[in-house]
Amino acid sequence: ATNRLRQASARSRSKRLFSRAKAVFPDGTARATVERDPFPIYVQRGEGAYLIDVDGNRFLDLNNTYTTLIHGHGFAPVAEAVVDLLRSGTCFANPTEHEIALAELLTTRIPAMERVRFVNSGTEAVMFAIKAARAFTGRPAIARIEGAYHGAYDWAEAGQGVSPGKDGWEPVSIATPTYRGTPSSVAEEVHLLRFNDVESLEARLRAVSDRIACVIIDPMPSRAGLMHPEPDFIEALSQTARKYGILIIADEVLNLRQGYAGASARYGLNPDLITAGKIIGGGFPIGAIGGREEVMRVFSIEDAKPLLSQGGTFSANPVSMAAGLAAMAAMTPDAFDHLEAMGDRLRAGLSASIARRDARFSVTGAASLFRIHPKRVAPVEYRDAYLSAEEASLMRRMSRHFLELSILLPYGAAACLSTAMVDSDIDLVLTAFDDFLKAEIQ
Ligand code: PLP
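From a predicted model like this one, the values you see are computed outputs, not experimental measurements. (Residues numbered from 1 in each chain as written. Predicted model: local features only at pLDDT ≥ 70, side-chain atom pairs only at ≥ 80, totals over all residues.)

## What to know about the overall build of the protein
Phase 1 of the analysis: When you go through the protein residue by residue, the secondary structure sums to 16 helices and 14 strands.
Phase 2 of the analysis: What you see for the protein is a C-alpha radius of gyration of 22 Å, in line with the 22 Å of a compact globule of 442 residues.
Phase 3 of the analysis: Principal-axis analysis of the C-alpha atoms gives the protein an extent of 65 × 60 × 45 Å.
Phase 4 of the analysis: Taken across its 442 residues, the protein has 47% of its residues classed as buried.
Phase 5 of the analysis: A separation of at least 24 residues holds for 71% of the contacts in the protein among residues at least 6 apart in sequence. (Helix = DSSP H or I, 4+ residues; strand = E, 2+ residues; numbered from the N terminus. Rg over C-alpha atoms; globule rule 2.2 N^0.38 Å. Buried ≥ 20, exposed ≤ 12 C-beta atoms within 10 Å, placed from the backbone. Contact = placed C-beta atoms within 7 Å.)

## Here's the deal with the nonpolar core
Phase 1 of the analysis: Counting residues in each nonpolar core, the largest one holds 121 residues, and the members touching the most others are Ile130 and Cys214.
Phase 2 of the analysis: For this core, the element with the most residues is helix 5 (residues 122-137), which contributes nine residues.
Phase 3 of the analysis: Of the residues that make up this core, three or more belong to each of domain 1 (8-74 + 332-441) and domain 2 (76-329).
Phase 4 of the analysis: In this structure, isoleucine 130 is in contact with Ile142, Tyr153, Trp155, Ala156, Cys214, Ile216 and Ile249, ignoring residues within four places of it in sequence. (Core = buried A, V, L, I, M, F, W, Y, C linked by C-beta atoms within 7 Å. Domains from an automatic or database assignment.)

## A word on the site of the ligand
Phase 1 of the analysis: Contacts to the ligand come from 14 residues, most closely from Ser121, Gly122, Thr123, Gly151 and Val253.
Phase 2 of the analysis: In terms of residue count, helix 5 provides more of the shell around the ligand than any other element does, three residues in total.
Phase 3 of the analysis: Residues of the shell around the ligand, tallied by class, amount to five nonpolar, seven polar and two charged. (Near = placed C-beta within 6 Å. Nonpolar A, V, L, I, M, F, W, Y, C, P; charged D, E, K, R; others polar.)

## Notes on the packing of helix 8 (residues 198-207) against helix 9 (residues 231-244)
Phase 1 of the analysis: One can describe the packing of helix 8 onto helix 9 by two numbers: an axis separation of 10 Å at closest approach and a directional angle of 10 degrees. Comparing their axes, helix 9 and helix 8 come out roughly parallel. Every residue of helix 9 that contacts helix 8 at Val198, Leu201, Glu202 and Leu205 is listed here: Asp232, Phe233, Ala236, Leu237, Thr240 and Tyr244.
Phase 2 of the analysis: Across the contact of helix 8 with helix 9, the residue classes tally to seven nonpolar, one polar and two charged. (Axes fitted to C-alpha atoms, helices over the stretch in contact; angles between N-to-C directions. Parallel < 35°, antiparallel > 145°, perpendicular 65-115°, else oblique.)

## Quick look at the sheet that holds strand 9 (residues 273-277)
Phase 1 of the analysis: A sheet is described by the order of its strands in space; here seven strands give the open sequence 4-10-9-8-7-5-6, paired in mixed fashion. Unpaired on one side and paired on the other, strand 4 (115-119) and strand 6 (190-193) mark the two borders of the sheet. Mean inter-strand twist for the sheet, computed between neighbouring axes without regard to direction, equals 20 degrees.
Phase 2 of the analysis: The sheet contact formed by strand 7 (residues 212-217) and strand 8 (residues 247-251) spans four bridges and is parallel. Bridge pairing in strand 8 places valine 215 opposite isoleucine 248.
Phase 3 of the analysis: Of the strands in this sheet, strand 4 and strand 10 (287-291) touch helix 4 (residues 97-109), which is tilted by about 130 degrees from strand 4.
Phase 4 of the analysis: Sheet strands in contact with helix 5 are strand 4, strand 5 (141-145), strand 7, strand 8, strand 9 and strand 10, and its direction is about 165 degrees off that of strand 9. (Pairing = 2+ DSSP bridges.)

## Structural notes on the domain arrangement of the protein
Phase 1 of the analysis: Each domain of the protein was delimited in the assignment, giving domain 1 (8-74 + 332-441) and domain 2 (76-329).
Phase 2 of the analysis: A separation of 25 Å is found between the C-alpha centroids of domain 1 and domain 2.
Phase 3 of the analysis: With 25 residues of domain 1 at the interface, the matching set in domain 2 holds 25 residues.
Phase 4 of the analysis: Of all the secondary-structure elements, those providing two or more residues to the side of domain 1 that touches domain 2 are helix 13 (333-356), strand 12 (369-373) and helix 14 (382-385).

## Here's the deal with the environment of histidine 401
Phase 1 of the analysis: Looking at where histidine 401 falls in the secondary structure, it is placed in helix 15 (residues 389-404).
Phase 2 of the analysis: Its 17 C-beta neighbours within 10 Å are what place histidine 401 among the partly exposed residues.
Phase 3 of the analysis: Excluding residues that lie within four positions of it along the chain, histidine 401 makes contacts with Ala432 and Phe436.

## Section: unusual backbone geometry
Phase 1 of the analysis: The backbone of leucine 226 sits at a positive phi, close to 50 degrees, despite the residue not being glycine.
Phase 2 of the analysis: Note that leucine 226 resides in the loop between strand 7 and helix 9.

## With respect to the pairing of strand 4
Along any regular strand the residues' side chains alternate between the sheet's two faces.
Phase 1 of the analysis: Of all five residues that make up strand 4, four are buried, and the element is covered over most of its length.
Phase 2 of the analysis: Strand direction decides the pairing type here: strand 4 and strand 10, joined by five bridges, are antiparallel. Across the sheet, valine 116 pairs through a bridge with glycine 290, a residue of strand 10.

## Topic: the sheet that holds strand 2 (residues 50-53)
In a beta sheet, neighbouring strands pair by backbone hydrogen bonds and run either parallel or antiparallel.
Phase 1 of the analysis: A sheet is described by the order of its strands in space; here four strands give the open sequence 1-2-3-13, paired in mixed fashion. Each of the sheet's edge strands pairs with one partner strand only, and the pair in question is strand 1 (43-47) and strand 13 (407-408).
Phase 2 of the analysis: Note that strand 2 and strand 3 (residues 58-61) share three bridges and pair antiparallel. By the bridge assignment for strand 3, leucine 51 is matched with phenylalanine 59.

## Describing the packing of helix 13 against helix 16 (residues 423-441)
Phase 1 of the analysis: In contact at an axis separation of 10 Å, helix 13 and helix 16 are set at 15 degrees when each is read in the N-to-C sense. Our classification of the angle between helix 13 and helix 16 gives roughly parallel. Once helix 13 is placed against helix 16, the crossing between them reads as right-handed. Together, Met342, Arg345, Leu346, Gly349, Leu350 and Ser353 of helix 13 and Ile426, Val429, Leu430, Phe433, Asp434 and Leu437 of helix 16 make up the contact between the two elements.
Phase 2 of the analysis: The residue makeup of the contact of helix 13 with helix 16, split by class, is eight nonpolar, two polar and two charged. (Left-handed = near helix turned anticlockwise from the far one by under 90°.)

## Some details on helix 9
Three- or four-residue spacings in an α-helix give side chains the same orientation, since the helix completes a turn every 3.6 residues.
Phase 1 of the analysis: Here helix 9 contains 14 residues, and its C-alpha end-to-end distance of 20 Å stays within 8% of the 20 Å for a straight helix at 1.5 Å per residue.
Phase 2 of the analysis: Those residues of helix 9 that fall on the buried side of the exposure criterion are Phe233, Ile234, Leu237, Thr240 and Ala241. What you see down the axis of helix 9 is that its buried residues fit within an arc of 140 degrees, all on one side. With respect to the buried face of helix 9, the exposed residues turned more than 90 degrees away are Pro231, Asp232, Gln239, Arg242 and Lys243.
Phase 3 of the analysis: Along its buried surface, helix 9 packs onto helix 8, strand 7, strand 8 and helix 10 (262-267).
Phase 4 of the analysis: Where helix 9 terminates, the next one or two residues include glycine 245, which has phi positive at roughly 65 degrees. (Expected span 1.5 Å × (residues − 1). Arc of directions from axis to C-beta.)

If you want it as structure tokens, here you go:
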């Protein structure tokens, strides 16, 4: 009870800030993904596993900036690495040693990353990985998993917001543009695959194999359901791609946090290109494209005619590089094991509550990531995880229940743990969830 959020009046500052913000932002927020129920929580500061809002309320943060902050907020080694840099220049047209050090760390740990390039966001990393696959193969089209999120590049976005029509789900085929006005030529070059569906995979790729540069796949697509890739599916994808000369891009912008060597290594996927972001910047903007040396040569200006020029004013800025290095250096194999053990305890505890109360919920995820579904059977692909209007409103109720207990729980995307969390934080989440189920069932 001591942790219970005070009444709405205790959020009066956030409410006032939202009124101000409405005059300058299209819907009152500077980005689309901000929770507003009915107004956002404006942050004053972060402290390890917790956020403190402008009204002085403390919240356990299971969002961690969309899974970026693997050490939680204000991680001292990152702050120390960055403070000195702030006074000695934060971006240069010339390279710095920091970028080499971060690239060395990544290429040492992640088998699929023989060479790396840095950019400023996951969106940009995905964009350049797709361009690299096109440049390498000379083919224009891509294939991607229905419903998965890969950022805002038009080609990566088409096929993301799929929903059932009034007669149910359409067969898988060409993507539809996610947003009105996107040229139809974009969607025509984006072919859809269903996650974990071995049967449709080969036929879909065969039909268009001479046009497809790459399959982009997140090994555990978070917004599509955060479900495990089945070994058969990984195997079929690898074989089919090899057969038709299609590159595999593993989008690990989010799932690199699954282990010391990343998610592809964990699930037996051997991609040609790999994208990273989020945790590798230690809380500063970053993206990375890595891959086989042979494929990454498309970026090289040493060749008479580089196939692809990738620059970016802020790419490889020393602040993101140094912060990323400090954050990643602290993610030793032991640190990953510790996070995984906490994640296992959390997922097992949530599932035990569900079983005990015979509730129509399920839990997916791995390592430090989890997602709660209002579905009796855990989803294996996007269509299983898709929320009806009634299920979406149940999930909003759940999120509100957690908020009242001072826990920020994203739904419809991955929630995550950080190394700043301790056992009592996990207990807090388990109790909150069990209370929610109890109230729902009565
Ligand atoms: N790819 C994946 C798998 C992601 O989860 C995200 C972001 O959540 C992106 C790409 C886009 O990254 P960013 O938000 O840094 O542009």
